[in-house]
Amino acid sequence: MIAPPKPDLITVNIDGREIAVPKGTNMIEAARRLGIEIPHFCYHPKLSVAGNCRMCLVETGTPALDHATKQPVVDPATGRVKINWVPKPAIACFTNAAPGLHIRTGTPLVRDCREGVMEFLLINHPLDCPICDQAGECKLQEQATGYGRGYSRFTERKNVKPKRTRLGPRVMLDDERCILCSRCVRFCKEIASDDVLGFVDRGSYTTLTCYPGRKLENNYSLNTVDICPVGALTSTDFRFKMRVWFLKTTPGICAESSAGVNTEIWSREGVIYRITPRRNDEVNDTWMTDSGRLLYKQVAAENRLRHHLVGGAATLPAEALAKAGDLLKAGGVAIVGSGRSSVEEQFLTRKLAEALKAPAWLVGRVGQGDGLLISADRNPNVRGALMTGLIKTPPAPQLSELAAQIDAGRVKTVLSLGEDLAAAGLSEAQLKKVAVIYLGTHASATSAAAKMVIPTLTVFEKAGTFINQQFRLQKFAPAVPGPQNVADDLVTLSQLVLTAGGPALASDVDGLWTTLAAEVRHFATVTYQNLPATGLLLDGSDFAGLPFPEGETLHFKPARSDAVITT
Amino acid sequence: MPHPAERRLICRHIDEPGYTTDIQCYFRHGGYEVLKRSVARKPEELIDEVKKSGLRGRGGAGFPCGVKWSLVDRRSGNPIYLIANADESEPGTFKDRYLIHQDPHQLIEGIMISCWANQVQQAYIYIRGEFSQGARLLEAAIAEARAHQLVGPDILGTGYSCEIYVHRGAGAYICGEETGLIESLEGKRPYPRIKPPYFPAVLGLYQCPTIVNNVETLCHVKHIADMGGEAFAKIGTLNNTGTRLLCVSGHVRRPGYYEFESGKITLGQLLNDICGGPPPGRKFKAVIPGGSSSKVLRFGERFKVRQRDGSTADWGVEDIPLDFDSLVACGSMGGSGGLIVMDDSVDMVAALGNLNAFYAHESCGQCTPCREGSLWMKKITARMVHGDARPQDGELLESVADQIAGRTVCPFGEACAWPTQSFVQKFGDEFTGYAEARKHPSAASPALI
């Protein structure tokens, strides 16, 4: 016996196949669940429905009811319920599931509608795919191939519209390619709350433009490039750099803040070309910040640390590591961990602190949240440090306790995991009193003054996990290899733990998770491999009372509103 | 002066010597008496009268007014708005302009009665931008009516208040489409809304229930409230009640507007007897019977139309009674009542080119088929007229039109496709042989583009 469908589910019939979908589901999404593609341009699952492209026209119908009995009429020829098909096609994006709704997506009428819309969209389109940056990820290209006639009957002159219009610092517009789907307009209005885009003029001469005197320069402007189905909006950073079909994608997590935006990192031959958002409906939907997209530039930044340095002189890695071990074993060590380190690194940092009986701090980084995808906590992984036990409370921005201990002469060596100690409040005099071992990716005032520098990998070059503000454990993978001779942070740290007399621990993510799952209660059943792509929500109730700085962001409401720290 | 065959109801005083737009003049002719009587009645009674009258909307679609009113969501708790659609932009139609210019108080009285019937407290007259004189006249008339406590707070001491605001459009044909009009009134681009779910009766102006009625329709409401729905239903013919304003333009000797009982006059009577026939030495060739978007009728066509009694009538174009149902039965529509008459001097390709230029210019650009198709059709016909016609152009035009009709957000899709479809279907030979015919231009053909 088949169980009756749940009351909030509605069964619809698409191309003769039945599917139960939640109330409010539109037919594009319902068909997608059945593996049936309904082509569309203007519809976007995270924006309001505009219904203007008319590409998703389908035939709709409902069962014919007997006038007297109000019961469905059964066609004696087929033995099936007779369907009254509406002669006029309807847009699937705005047709929501309704009891008894039937749709057909493959009839001659539907095919004709699609061919017609494709032809109309292309008659005034420049067809400049060979020089268009969107080629390869262009919905117009794909659907022209899939649903167009393959030839044009248009012999008139095409409309002329503005080319190469700079809408803002990061977005370029080619109006001739625009198909007026209004996705970008709706995004700016509905998501970015910055209603700067709109249409001027009428009919086929309608032109996308910016409000007079304004620019598209909000920190979410590049999302318009992502959602533009054609090559009208392009990124000034990425355009003409690389054909997209040469690029491979790697799942990443944005390290900009504790929001934990899921990303896709696009690279070729060890070079990152762009970062785009990866859909996660629990975290960032399909969006990310412009500032987060530009973080990949740190990989090849000029101040990138590429060599092991002892006393400012380049040294072989093994030698530098041995000398660092000697310094640590001499005692009087304090550790400045990082909220930018991965969960695995923080766990090893804790193991190192335990082996050395050294106190450990983190440097807090608190800014203004934007209410969307930048949270007030600019460290991506403070909750990781809490869960791995590296720290007990959210970190302060200043290392005043460490400063006091240096003044008291109790600290001789400070191991900093990429944190700039001077910026975190240590005076020049205090820094002079101690030997600094700096494990970091980029040069800073601290690395310049450090006795030893051990270069490490950026988040784009290594595997690991972060725990975001929701206590969602999310993993990232290495997109590109690190610089020559620079070892993975986990290798360096596990070696230092061993040198310091601590346990022998794995130096790879998979291996470490066996230990993490065994030792950290919150991670009990987790392995790196079984962690879902959209992350795993952990139980953060142990930490509910702590004063986290985050305010409300997309899909996140702080547990206590009075815990918001303003700086 | 009115033609003896006319039955003037809403145009009764229009063109009368000495009749002015002044409220005192309107009072002298019994003005606002119906409003006084109406506010003493129950609103539901008035809605009932309108239902009984069988009044069909005069804007173009011919939707029954009483049904429209009864669809209004009265339980939403939101205010109900009434909008008088005075965005008369359909080429060939010029009736609302006369009603506003010559008898603005009749419209205001009709609006106020309709507002009382629907318990509306805020009404708008959305008047097209080009009607600047009409807007001024209405503003002045509303001020006069307000001074006499006929508009505004506490109307006629009843405690009922209702304001009327005049809102001028900015010159877009699409603002005549009710949801486009509502968007424009809200201060946005007049992109028509998707129906469902945005039916004005439920989610109209500011997402509140809204009634949008044509100027002529609202003027009729006054007379329905006056004579009663049943009496009104006796005028005209079954299902096409009351009188109808017809605007005749083009190749007739006496163009202009005329008011007749719906369906009591045929196209031939109108054009030959009342409008004086074609200019000397010419013959009628075609007529667009209900505003430029209705399908053209070709003189010489025959129509087999099933009658109500089951018999079949065989009509020529001249025999078609001018009412909504007969014109629909003949494959066109009564629309807004604008008849465009063309005699045998007309180059049908050029005439279609003119219409296509209009629709390409007026397409709002929201949805793909209409936006791209209307301009494409214009470009084809313009190319033909400018000397580069190809034999297959007619077929292409029709195919483009077929790709528009029925696939757009609003009825503009049909409005811009129907002329092309019907011109090509009925005058296909002219399209096919256009290049050849142009080599020997007839001296009589005036340039239309």
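*Asks:* So what's going on with the overall build of chain B? Which residues, and what values?
*Replies:* Looking only at helices and strands, chain B has 19 helices and 13 strands in total. For chain B, the C-alpha radius of gyration of 22 Å lies close to 22 Å, the compact-globule estimate for 449 residues. For chain B, the spread of C-alpha atoms along the three principal axes comes to 75 × 45 × 45 Å. Long-range pairs, those at least 24 residues apart, make up 72% of the contacts in chain B between residues at least 6 apart in sequence.

*Asks:* Before we move on, could you go through the domain arrangement of chain A and cite the residues and values that matter?
*Replies:* Domain assignment breaks chain A into domain 1 (9-106), domain 2 (124-240) and domain 3 (308-463 + 480-522). Centre-to-centre, using C-alpha coordinates, domain 1 of chain A lies 57 Å away from domain 3 of chain A.

*Asks:* Go over the sheet that holds strand β9 (residues 284-288) of chain B, please, and point to the residues and values.
*Replies:* All names here are of chain B. Taken together, five strands build an open sheet; the order of strands is β8-β7-β13-β9-β10 and the sheet is mixed. The sheet is open, and its two borders are formed by β8 (256-261) and β10 (297-298), each paired with just one other strand. For β9 and strand β13 (residues 338-343), the ladder comprises four bridges, and the chain directions are antiparallel. Counterpart to Ala286 in the pairing with β13 is Met342.

*Asks:* Report on the sheet that holds strand β2 (residues 122-127) of chain B, specifying residues and quantitative values.
*Replies:* The strands making up a sheet associate through backbone hydrogen bonding, with each pair oriented either parallel or antiparallel. Residue and element names in this part refer to chain B. Pairing within the open sheet is parallel, and its four strands lie in the order β3-β2-β1-β4. Two strands close off the open sheet at either side, each with one partner strand: β3 (163-168) and β4 (210-214). Between one strand and the next, the sheet's axes are offset by a mean angle of 20°, whatever the strand orientation. Sheet strands touched by helix α7 (residues 132-147): β2 and β3. Its angle to β3, the strand with the most contacts, is close to 165°. The sheet contacts of helix α10 (residues 215-227) involve β1 (81-86) and β4, and relative to β4 the element is tilted by about 95°.

*Asks:* A description of the pairing of strand β12 (residues 312-316) of chain B should follow, citing residues and the corresponding values.
*Replies:* All names here are of chain B. Two elements, strand β11 (residues 302-306) and β12, share five bridges in a ladder whose sense is antiparallel. Its bridge partner being in β12, Phe303 is matched across the sheet by Trp315. What sits between β11 and β12 in their antiparallel hairpin is a turn of five residues, with Gly310 showing a positive phi close to 100°.

*Asks:* Outline the domain arrangement of chain B, supporting the account with residue identities and numerical values.
*Replies:* Residues and elements named next belong to chain B. Taken domain by domain, chain B comprises domain 1 (23-234), domain 2 (237-343) and domain 3 (348-437). Each of domain 2 and domain 3 has a C-alpha centre, and these two points are 23 Å apart. Taken together, the contacts link seven residues of domain 2 with ten residues of domain 3. When the residues that make up the side of domain 2 that touches domain 3 are grouped by side-chain class, the tally is two nonpolar, three polar and two charged.

*Asks:* Give a description of the packing of helix α7 (residues 317-329) of chain A against helix α13 (residues 489-499) of chain A that names residues and reports values.
*Replies:* Residue and element names in this part refer to chain A. Two elements in contact, α7 and α13, have axes separated by 10 Å at closest approach and are oriented at 45°. For the element pair α7 / α13, the angle class is oblique. Here the hand of the crossing between α7 and α13 comes out right-handed. Across the interface between the two elements, Leu321, Ala324, Gly325 and Leu328 of α7 pack against Thr492, Gln495, Leu496 and Thr499 of α13. The residue makeup of the contact of α7 with α13, split by class, is four nonpolar, four polar and no charged.

The rules behind each value
Residues numbered from 1 in each chain as written. Chains lettered and ligands numbered in written order. Predicted model: local features only at pLDDT ≥ 70, side-chain atom pairs only at ≥ 80, totals over all residues. Helix = DSSP H or I, 4+ residues; strand = E, 2+ residues; numbered from the N terminus. Rg over C-alpha atoms; globule rule 2.2 N^0.38 Å. Contact = placed C-beta atoms within 7 Å. Domains from an automatic or database assignment. Pairing = 2+ DSSP bridges. Axes fitted to C-alpha atoms, helices over the stretch in contact; angles between N-to-C directions. Nonpolar A, V, L, I, M, F, W, Y, C, P; charged D, E, K, R; others polar. Parallel < 35°, antiparallel > 145°, perpendicular 65-115°, else oblique. Left-handed = near helix turned anticlockwise from the far one by under 90°.

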